[in-house]
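# Structural overview
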Amino acid sequence: MPDTLPQSAPEAAAGDDERKLVMDVRGLSKRYKMTSPVTRTDKDGNTFKDTHYHALKGVSFKVWSGDRVGIMGHNGAGKSTLLKILSRVLNPSDGEAFIYGRATSLLEVGTGFNPKMTGRQNVYLNAALHGLTRKEIDRRMDEIVAFSEIGRFIEEPVETYSTGMRARLGFSVAAHLDPDILMLDEVLSVGDAAFQKKCLQRMDEITGHDRTLVFVSHSTGAIRRFCDRCIWIDHGEVVMDDDVMSVTEAYEAQMMNVAATYQAPEKTETKTDEKKKDAKAEGPKASSLLEAEAEGPVAELVTARVLDDAGQIARSVKIDMPCAIEIAYDVLQADKRVEPALHVRNEIGDLMFVVAFTDGDYPGAINEPGRYKSRAQIPPNLLNEGLHYVTVAMVTADPMVRHQSVDNAVSFSVYEPQGDDLQRARGRYSRNFPGGLRPRMDWSTERES
Ligand SMILES: Nc1ncnc2c1ncn2[C@@H]1O[C@H](COP(=O)(O)OP(=O)(O)OP(=O)(O)O)[C@@H](O)[C@H]1O
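Attention in this report is confined to the structure presented alongside it. Counting restarts for each chain, with residues numbered from 1 along the sequence as it is written. Since the coordinates come from a predicted model, pLDDT governs what is reported: local features require at least 70, and pairs of side-chain atoms require 80 or more to be given and counted, while whole-chain, interface and lining totals use all residues. With hydrogens and water set aside, each side-chain value is computed from the structure's full complement of heavy atoms.

### Structural notes on the packing of aromatic side chains
- Pairing of aromatic rings covers Phe, Tyr and the six-membered ring of Trp, with a centre-to-centre limit of 6.5 Å; geometry is then stacked below 30 degrees between planes, edge-to-face above 60, and tilted otherwise. Counted under the stated rule, the structure contains two aromatic pairs.
- Taken together, a centroid distance of 5.2 Å and an interplanar angle of 80° make the contact between Trp232 and Tyr251 edge-to-face. Taken together, the residues span a long stretch of sequence, with Trp232 in strand β8 (residues 229–234) and Tyr251 in helix α8 (residues 244–255) at a distance of 19 residues. No difference in accessibility class separates Trp232 from Tyr251, as the two residues are buried.
- Judged by centre distance (6.1 Å) and plane angle (20°), the rings of Tyr329 and Tyr372 are stacked. Pair noted here: Tyr329 is in strand β14 (residues 323–331) and Tyr372 is in strand β17 (residues 370–378), with a separation of 43 residues, a long-range link.
- Categorising residues by exposure relies on relative accessible area from a 1.4 Å probe, with only protein chains included: less than 20% of the type maximum marks a residue as buried, more than 50% marks it as exposed, and the intermediate range marks it as partly exposed. Accessibility expressed as a relative area gives 0% for Tyr329, which makes it buried.
- Put simply, a charge is over a ring when the Lys NZ or the Arg CZ is close to the ring centre, within 6 Å, and near the line of the ring normal, within 35 degrees. If you follow Arg438 out to its NZ or CZ, it ends over the ring of Phe433, 4.6 Å from the centre. Put simply, DSSP H or I for four residues or longer makes a helix, DSSP E for two residues or longer makes a strand, and each gets a number counted from the N terminus.

### Concerning the site of the ligand
- We define proximity as follows: a residue is near a molecule or strand when any one of its heavy atoms falls within 4 Å of that partner. In the vicinity of the ligand, the residues found are Tyr32, Tyr53, Ala55, His74, Asn75, Gly76, Ala77, Gly78, Lys79, Ser80, Thr81 and His218.
- Polar contact is the term for a pair of N or O atoms within 3.5 Å; when the atoms are in protein, one must be able to donate a hydrogen and the other to accept it, and sequence-neighboring residues count only if both atoms are side-chain atoms. Taking Gly76, its main chain carries an N or O atom lying 2.7 Å from an oxygen atom of the ligand.
- Contacts to the ligand include His218, whose side-chain N or O atom sits 2.7 Å from an oxygen atom.
- Here, Shrake-Rupley sampling with a 1.4 Å probe gives the accessible areas, and only protein chains in the shown set may cover a residue. Considered on its own, the ligand offers 640 Å² of accessible surface; in the complex 65% of this is hidden by protein.
- Breaking the shell around the ligand down by element, the ones donating at least two residues are β2 (47–64) and α1 (79–86).
- For the shell around the ligand, the element with the most residues is α1, which contributes three residues.

### Focus: the sheet that holds strand β5 (residues 103–105)
- Strand pairing requires that DSSP identify at least two bridges connecting the strands. Ordered by their spatial adjacency, six strands build an open sheet running β5-β6-β7-β3-β8-β9, and the pairing between neighbours is mixed. The two strands at the open ends of the sheet, each matched to only one other strand, are β5 and β9 (237–243). Strand-to-strand twist across the sheet, computed as the mean angle between neighbouring axes with direction ignored, equals 15°.
- Here strand β3 (residues 68–72) runs beside β8; their pairing, made up of four bridges, is parallel. For Met72, the partnering residue across the bridge sits in β8 and is Trp232. Axis definition: a line fit to C-alpha positions, over the contact stretch in the case of helices; interaxial angles, taken between N-to-C directions, run 0 to 180 degrees.

### What about unusual backbone geometry?
- Positive phi values are uncommon outside glycine, yet Glu149 reaches one of about 60°.
- Within the fold, Glu149 resides in the loop between α4 (134–148) and α5 (163–175).
- Under the relative-accessibility criterion, Glu149 is labelled partly exposed at 45%.
- If you check the backbone angles, Arg337 has positive phi at about 55° while not being a glycine.
- Mapped onto the fold, Arg337 is located in the loop between β14 and β15 (338–346).

### Notes on the pairing of strand β16 (residues 351–355)
- As paired strands, β15 and β16 are joined by four bridges and run antiparallel to one another. Within the sheet, the bridge partner assigned to His343 lies in β16 and is Val354.

### Focus on the sheet that holds β14
- Pairing in this open sheet of four strands is antiparallel, and the strands run β10-β12-β14-β17 from one edge to the other. Edge positions in the sheet fall to β10 (261–263) and β17, since each has one partner strand and no second. Neighbour to neighbour, the strand axes of the sheet diverge by 20° on average, direction disregarded.
- Here β10 runs beside strand β12 (residues 299–307); their pairing, made up of three bridges, is antiparallel. Within the sheet, the bridge partner assigned to Gln263 lies in β12 and is Thr303.

### Some remarks on the environment of Tyr100
- Take Tyr100: it is sitting in the loop between β4 (94–99) and β5.
- When the C-alpha atoms of Tyr100 and Trp64 are compared, they prove to be 9.9 Å apart, with 36 residues separating the residues in sequence.

Structure follows, in structure tokens:
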């Protein structure tokens, strides 16, 4: 049980990979002492009083130079505890974490500020603590101050700074220390995503292909934007460690119920009341809003799928690519003119848009019984980043009656791929876009004078 974390362990400095091993985390555990004990059951079924909270339970992983590792998990999963241990702010109860190379954690830099000293003095102090000589600091000082956007406040004591200003200066120092490994906790950068991006761009500049990033976040969008690998921590344990898309998709499926496919439940010969009760059970809710119920159902959704631009089922779609909602449905009565409709909501339930049925191949609408398949394409550069839930409705026109509505039948997340392709709707705006939509408009500009 080590009291301190060694900065390096010589026997493991070279990895079995072509790239260098920069972080070797072996069986890290952390138990916090609690004021009130909890009752637990051991594997033999015996109960006992435990005065510790097990925030991390045997976490192991390796990081190689150039990895950009996202660490994600629910509130209280143990992410910050892990980062604190890696930053040597906290000792583990068990296990070891070897770090090879110069690691900088925003956690250390930001929290290391002396409130009575000016911003400038703190930059000297912190950079010196990280091994920079006075000359090196002098050379970088102007850049650090400019990058932090602190302006003349750099001569004021840090205790007069807002939380955001303190975080910006912390970022700026961290980003100018030329670290081999940069560790960031998104929680500390709340409020200014532009700055976060700037810091990561700076990482790219200074470390080129050997950059290593460990980035803690709740946001699958941020992790996808900045990382290529992701470790999912749940209740203090690593549940998945893989490429960023596989892990974030699995996380969204489990934690946010994202499901790109819907299959109608098997039909049973139950009474209408029981059917309604069934519909309230888990999963997408199917409700029959039936004026025509006496005549039996008019149309029923059978399947729904979210497809990417290659026609594959997709739980996540790139913001600058089209995707499609494909539905199969049974029309059960003649001469009803069935028209499917889609309602798309974002993750906080705001209605983004409603799509009516405008398929020109069926000008007279669908009025023959049978199974139909329709596909509606959502254009690229329309939806904002984040989760989207699609409700599918079966409607008849003249008069307008909604016969079935399957709430949140399918869902998917829109994400922005990495890179700086200005064809995307982002332009040069680096913050998270407010608003439900993020359309790319065709601008035209003429010089008038
Ligand atoms: N000093 C402490 N004493 C006791 N329990 C603690 C302490 N610090 C953290 N914990 C507990 O350990 C667990 C993990 O906390 P941690 O901050 O690492 O989680 P997290 O994944 O970073 O959460 P969040 O996403 O909310 O920031 C939580 O249940 C928390 O209440």
